Number of protein chains: 2
Amino acid sequence: MTSATETTPLLLLDEPTRASLWTTLVSEIERYLQSVDELPVSPALDAPAIRAFAESFTFEHPLPPTETLRSIAAQLTRYQVHTPHPSYYGLFNPASTTMSIAADALVAALNPQLAAWSHSPLASEMELHLVRSLAEKFGIPRDQADGVFTSGGAEANHTALLTALFHRWPQLAGAGLRSLDQQPVFYVSAEGHHSFLKAAKASGLGADSLREIEVDSSLRMRPDALRAALERDRAHGLAPFLVIATAGTTGAGAIDPIPDIGRAARDHNLWFHVDAAWGGAAVLVPELRPLLNGTEQADSVTFDAHKFLSISMGAGIYLTRHPDVLTRTFGTLTAYMPREGERLQAVDPFSHSMQWSRRFTGLKLFLSLAVAGWEGYAVTIRHQTAMGDLLRTQLADRGWKIVNDTPLPLVCFTDAAHSWDLAQCQRVANAVIESGQAWISTIQVGREKQPALRACITSYRTEPRHIETLLSALDQARSAAENPVV
Amino acid sequence: MTSATETTPLLLLDEPTRASLWTTLVSEIERYLQSVDELPVSPALDAPAIRAFAESFTFEHPLPPTETLRSIAAQLTRYQVHTPHPSYYGLFNPASTTMSIAADALVAALNPQLAAWSHSPLASEMELHLVRSLAEKFGIPRDQADGVFTSGGAEANHTALLTALFHRWPQLAGAGLRSLDQQPVFYVSAEGHHSFLKAAKASGLGADSLREIEVDSSLRMRPDALRAALERDRAHGLAPFLVIATAGTTGAGAIDPIPDIGRAARDHNLWFHVDAAWGGAAVLVPELRPLLNGTEQADSVTFDAHKFLSISMGAGIYLTRHPDVLTRTFGTLTAYMPREGERLQAVDPFSHSMQWSRRFTGLKLFLSLAVAGWEGYAVTIRHQTAMGDLLRTQLADRGWKIVNDTPLPLVCFTDAAHSWDLAQCQRVANAVIESGQAWISTIQVGREKQPALRACITSYRTEPRHIETLLSALDQARSAAENPVV
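One structure accompanies this document, and this report is about it. (Residues numbered from 1 in each chain as written. Chains lettered and ligands numbered in written order. Predicted model: local features only at pLDDT ≥ 70, side-chain atom pairs only at ≥ 80, totals over all residues.)

Some points on the overall build of chain A
The condition that has to hold: Where helices and strands are cited, they refer to DSSP runs of H or I of at least four residues and of E of at least two residues respectively, numbered from the N terminus. In this setup the radius of gyration rests on C-alpha atoms only. A globule is expected at 2.2 Å times the number of residues raised to 0.38. The burial criterion counts other C-beta atoms lying within 10 Å of a residue's C-beta, which is placed from the backbone; the residue is buried at 20 or more, exposed at 12 or fewer, and partly exposed between these limits. Once C-beta atoms are placed from the backbone, any two residues with those atoms within 7 Å are in contact.
On a plain count of helices and strands, chain A comes out with 16 helices and 11 strands. Here the C-alpha atoms of chain A give a radius of gyration of 24 Å, agreeing with the 23 Å that 2.2 N^0.38 yields for 486 residues. When the 486 residues of chain A are sorted by exposure, 63% land in the buried category. Long-range contacts, defined as pairs at least 24 residues apart, comprise 73% of the intrachain contacts of chain A with a sequence gap of at least 6.

Here's what the structure looks like:
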């Protein structure tokens, strides 16, 4: 029989090895935090070299821990679009808070299991406290508020769809969709997030059940178009059950007219969900709070702490004002789960989630929020919004035309003097990316698919000097594109 | 305008603060790793005190980072069932590998986004390499192998259900379940995991579509009962589409007769999934490998690295031999996602997953495996299996009767001399738990719901002396239960 003293070294490592590992880990993390803004924002995409490095690990022989960590950290740093870079203007992936990093390590060490409340009572209560505190910020009364941490916004939106379905048709739990008399259909802006398409497919409704409602010139869902679609579907014998407003679309940062959409949902007695995955952060800033007005009417809300709150991936959150709906949707009884939670009138996380044993996701938000306070976050969100305003103003001053309309720090723009097609926009974006000075993308905005460049302030570390760098890189790319070397 | 230099301190923290934070973090983690076996395995469940501590954080004023980390780490350590404890004999939640802890911190710092391949090319390729390497171990040829990391086994099993559905009925993507002529039904052992029940509900099939097939006296699915159910459902106009074999049930560790179940699935032309979330680790140990024979026939496999491979929560993995099925199930096109991956013939993670932007889950397995090697894991799994055998033998020697039959280290047992009901078992389990010396649970085994105690070797740090402690605690609890103080 092998004794554990022989087996643990390779998994636990011995004390001196761990000491050396921690030193290296901290120094790698510190080096990254201190110098990320000096790195090129994005790597050369040498796919064969990247694949070859990954596949060079055959796992046939144990490798030295510290050296392996150092070497892999170096290669990861080499081959990654640096989402934490102050000049990354991409897809809402932020620079992590330092408390997130500490929390993720501590969670890995304690490795609590968030399935049964009685296994991780404090972790469960910390998450519940966060859920209720955030729900309050969105206008859901604390004593009705419930929710759950998810792997990300996709799972939170998926959860919204499922809770809306099970709220309306409890019989779905047993007999499924084929037992209904009518096909359920649901509504989101044409600019809404595609996770709803995934959810439509995965829930058995099918993509055809998702109605993409047209938007106005500001890319906000048109409430009249929503109402017309609802009437039309009803007249065709379909069963509308869910209406989604988006607070900060992924493409162009549009905020739907939440109160009007909520009213339409209520008039038809439908579940009203607000996808505030990114824009929801506005509720933490008094002067931005009105942007989210109407969310207090929502039956559920998606909010991603790993976006505007700069928590490390992934920390999605689903919030609801229906304290029983999660258990009704996900609850099951098993012979092997501890039942202490029930007796103590506490919530077993597994009964609230698509997941079973779950990671303690909430700690990184809890620690970050404890250290920054609500006010610290307000300052940060205000700062990022100001950086967006600065970028917008400066772009306009320098001969760019802004083609989206949002108070959030997401700017879609094109050349003011010429009409660029998507390929032209992409050439300019590529030139900026290849300069290593910033990462931006292209987008086709709205129904007219207006080709544009897209830059979103995602890092709390973005300062005016980074905006200046982006503007210069853009000017340079534009000149090069307009005066190509033949 | 607020400058970033004013805003970052609360999220990034300044350098001296971070230095102090890392020192505290490392010392908290080290203390935990070094002394977890001296802690009582489980906390007193003082729900009001626990809730009061969580709610004492109002987030109204910034708190000092290092002290807050220390205080919360202390309270989390106080109020948690210590799943990493060598005397935790519970629900497959392991002691994390040290490389997992380092990886989770590094991932949080680099914060790569695993949605677009081009954003995180190396991270994506490292995960793909792991997926293919593990698939090979399960007998899926490397050049056909595909897969994806998931939040846990529930998502992996859910993915299996969805891929089986979309493989059989591609039209589901658009028109949904209500467009089918027949109700799809699927099959799992009565001892199988309840995540399939959640998945049945969430997929719109409904719980009634899940057929729980009866088990034999060893709690293994009966292939004749499966075949009879398939014939019966076909005769009733239903549409079987998926058969699941379980390799290591949660309750009693039973391993279904995988080859026979696979044959039944093939004879009926159905998707064959093996839920090897826990027991799958046997493929890494030559002498245990035959237990998983037949898995090479599987269309898909669930394997949780956060169980027997001791990776921190959560690191589920879905594997398949159908390289196109994930994209067919989850793929969507959006205006805002970078398309570089397509051009480079690389896989965009978001097209393979229920998730969208996803955490880089694979690094903790990659680093752990690089440092331990396959052989290091084989040694560990062998050791844990030997600890299970030791427990089994010793229990039998001390007047306990083993009531389950598995070569894996999960032992269900009761008093050999008396017939205990569930309450009696629970009293004994409670006495063991309250002693602080070990954590075990109760279970009702099989169709007869035989009440029993349940102990599973989940920690790679469990040694013979811990088994001895458990045996003494059990003896003591039994005496107390048999000779109650009146």
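There's more to say after this.
Quick look at the sheet that holds strand β11 (residues 450-456) of chain A
Residue and element names in this part refer to chain A. What counts is decided by this rule: For two strands to count as paired, DSSP must find a minimum of two bridges between them. With axes taken as lines fitted to C-alpha atoms, and helix axes fitted only over the stretch in contact, angles between N-to-C directions fall between 0 and 180 degrees.
Strand order across the open sheet formed by 4 strands is β8-β9-β11-β10, with antiparallel pairing between neighbours. Edge positions in the sheet fall to β8 (400-402) and β10 (441-445), since each has one partner strand and no second. Here the strands of the sheet are splayed against their neighbours by 45° on average, with no regard to which way each runs. Strand contacts of helix α14 (residues 362-397): β8, β9 (410-415) and β11, with the helix running at about 10° to β9, the strand carrying the most contacts.

Some details on the relation of the copies chain A and chain B
For clarity, the threshold we go by: Copy-to-copy superposition: least squares on the C-alpha atoms, limited to residues that have pLDDT of at least 70 in both copies.
Of the two same-sequence chains, chain A is brought onto chain B (RMSD 0.0 Å, axial shift 0.0 Å) by a rotation of 180°. Read as a symmetry element, the transformation amounts to a two-fold axis. Interface residue correspondence from chain A to chain B reaches 100%, placing this contact among same-surface, isologous pairings.

What to know about the packing of helix α5 (residues 98-110) of chain A against helix α4 (residues 65-78) of chain B
Where we set the bar: For this classification, under 35 degrees means roughly parallel, over 145 means roughly antiparallel, 65 to 115 means roughly perpendicular, and everything else is oblique. Two helices that cross are described as forming a left-handed crossing if the nearer one is turned anticlockwise from the farther one by less than a right angle, and a right-handed crossing if clockwise.
Viewed as axis vectors pointing N to C, α5(A) and α4(B) meet at an angle of 20°, and their least axial separation amounts to 12 Å. Viewed along their axes, α5(A) and α4(B) adopt a mutual orientation that is roughly parallel. The chirality of how α5(A) crosses α4(B) is right-handed. Judged by residue contacts, A:M99, A:A102, A:L106 and A:L110 of α5(A) engage B:P65, B:L69, B:A73, B:L76 and B:T77 from α4(B).

Here's the deal with the interface of chain A and chain B
Cut-off, in case you're wondering: Classes in brief: Ala, Val, Leu, Ile, Met, Phe, Trp, Tyr, Cys and Pro nonpolar; Asp, Glu, Lys and Arg charged; the others, Gly included, polar.
Contact with chain A, which involves 145 residues of that partner, is made by 145 residues of chain B. Ranked by residues supplied to the side of chain A that touches chain B, first place goes to α14(A) with 13 residues. Residue composition of the side of chain A that touches chain B, grouped by class: 74 nonpolar, 52 polar and 19 charged.

Looking at the pairing of strand β5 (residues 271-275) of chain A
Residues and elements named next belong to chain A. β5 sits mainly inside the fold: 5 of its 5 residues count as buried. The alternating pattern of β5 places W271, H273 and D275 and F272 and V274 on opposite faces, both of which are buried. Examined bridge by bridge, strand β4 (residues 239-246) and β5 share 5 bridges and lie parallel to one another. Looking at the pairing, I244 lines up with H273 of β5. When β5 meets strand β6 (residues 300-304), the two strands line up parallel, connected through 3 bridges. Along β6, the bridge assignment pairs V274 with V301.

Things to note about the nonpolar core
To be explicit about the condition: The term nonpolar core means buried Ala, Val, Leu, Ile, Met, Phe, Trp, Tyr and Cys residues held together as one set by C-beta atoms within 7 Å.
In this structure, A:L106, A:V243, A:L319, B:L106, B:V243 and B:L319 are the most contacted members of the largest nonpolar core, which totals 338 residues. With sequence-adjacent residues up to four places away left out, A:L319 is seen in contact with A:V131, A:L134, A:A135, A:F138, A:I140, A:A145, A:G147, A:S300, A:V301 and A:F303.

Some words on unusual backbone geometry
With omega at -25°, the peptide bond leading from A:M313 into A:G314 counts as cis. By the element assignment, A:G314 lies in the loop between β6 and β7 (316-320). Positioned with a positive phi, A:S310 is a non-glycine residue whose angle comes to about 60°. Its location among the elements puts A:S310 in the loop between β6 and β7. Backbone geometry places B:F92, a non-glycine residue, at a positive phi of 70°. Its place among the elements puts B:F92 in the loop between α4 and α5 (98-110).

A word on helix α3 (residues 47-55) of chain A
The criterion, for reference: What the arc describes is the spread of directions from the helix axis to the C-beta atoms.
Every buried residue belonging to α3(A) is among A:I50, A:F53 and A:A54, and all of these are buried. For α3(A), the angular spread of the buried residues around the axis is 100°, confining them to a single face. Seen from the open side of α3(A), the exposed residues pointing more than 90 degrees away from its buried face are A:P48 and A:A52. The inward-facing, buried residues of α3(A) abut α4 (65-78) of chain A together with α6 (121-137) of chain B.

Regarding the sheet that holds strand β11 (residues 450-456) of chain B
Residue and element names in this part refer to chain B. Taken together, the 4 strands give an open sheet; going across it, the order is β8-β9-β11-β10, and neighbouring strands pair in antiparallel fashion. The two strands at the open ends of the sheet, each matched to only one other strand, are β8 (400-402) and β10 (441-445). Averaged over all pairs of adjacent strands, the angle between strand axes in this sheet comes to 45°, irrespective of strand direction. Pairing between β8 and strand β9 (residues 410-415): 3 bridges, direction antiparallel.

Concerning helix α2 (residues 15-35) of chain A
Worth spelling out the cut-off: To estimate the expected span of a helix, subtract one from its residue number and multiply by 1.5 Å.
Taking 1.5 Å per residue as the helical rise, α2(A) with its 21 residues ought to reach 30 Å, and the 30 Å between its terminal C-alpha atoms agrees with that figure. Listed in full, the buried residues belonging to α2(A) are A:R18, A:L21, A:W22, A:L25, A:E28, A:I29, A:Y32 and A:L33. Viewed end-on, α2(A) has its buried residues packed into an arc of 135°, placing them on one side of the element. Along α2(A), exposed side chains directed more than 90 degrees from the buried face belong to A:P16, A:Q34 and A:S35. The secondary structure elements touched by the buried residues of α2(A) are α4 and α5 of chain A together with α2 (15-35) and α5 of chain B.

Brief notes about the pairing of β9(A)
All names here are of chain A. Across the 6 residues of β9, 5 count as buried, placing the element largely inside the fold. In this structure, β9 lies alongside β11, joined through 4 bridges in antiparallel fashion. Within β11, the position partnered with L410 by the bridge is C456.

Let's talk about the packing of α5(A) against α14(A)
Residue and element names in this part refer to chain A. Contact geometry for α5 and α14: axes closest at 8 Å, N-to-C directions at 140°. Taken together, the axes of α5 and α14 are oblique relative to one another. Considering how the two elements wind past one another, α5 and α14 form a crossing that is right-handed. Touching M99, S100, A102, A103, D104, L106 and V107 of α5 are L363, K364, L367, S368 and V371, all from α14. For the contact of α5 with α14, the residue count by class is 8 nonpolar, 2 polar and 2 charged.

Here's the deal with the environment of B:N404
Residue and element names in this part refer to chain B. Its location among the elements puts N404 in the loop between β8 and β9. Assessed through the 24 C-beta atoms surrounding it within 10 Å, N404 is described here as buried. With 160 residues separating them along the chain, N404 and I244 place their C-alpha atoms 21 Å apart. If we skip the residues at most four places from it in the chain, N404 touches L219, A252, G253, V411, C412 and V445.

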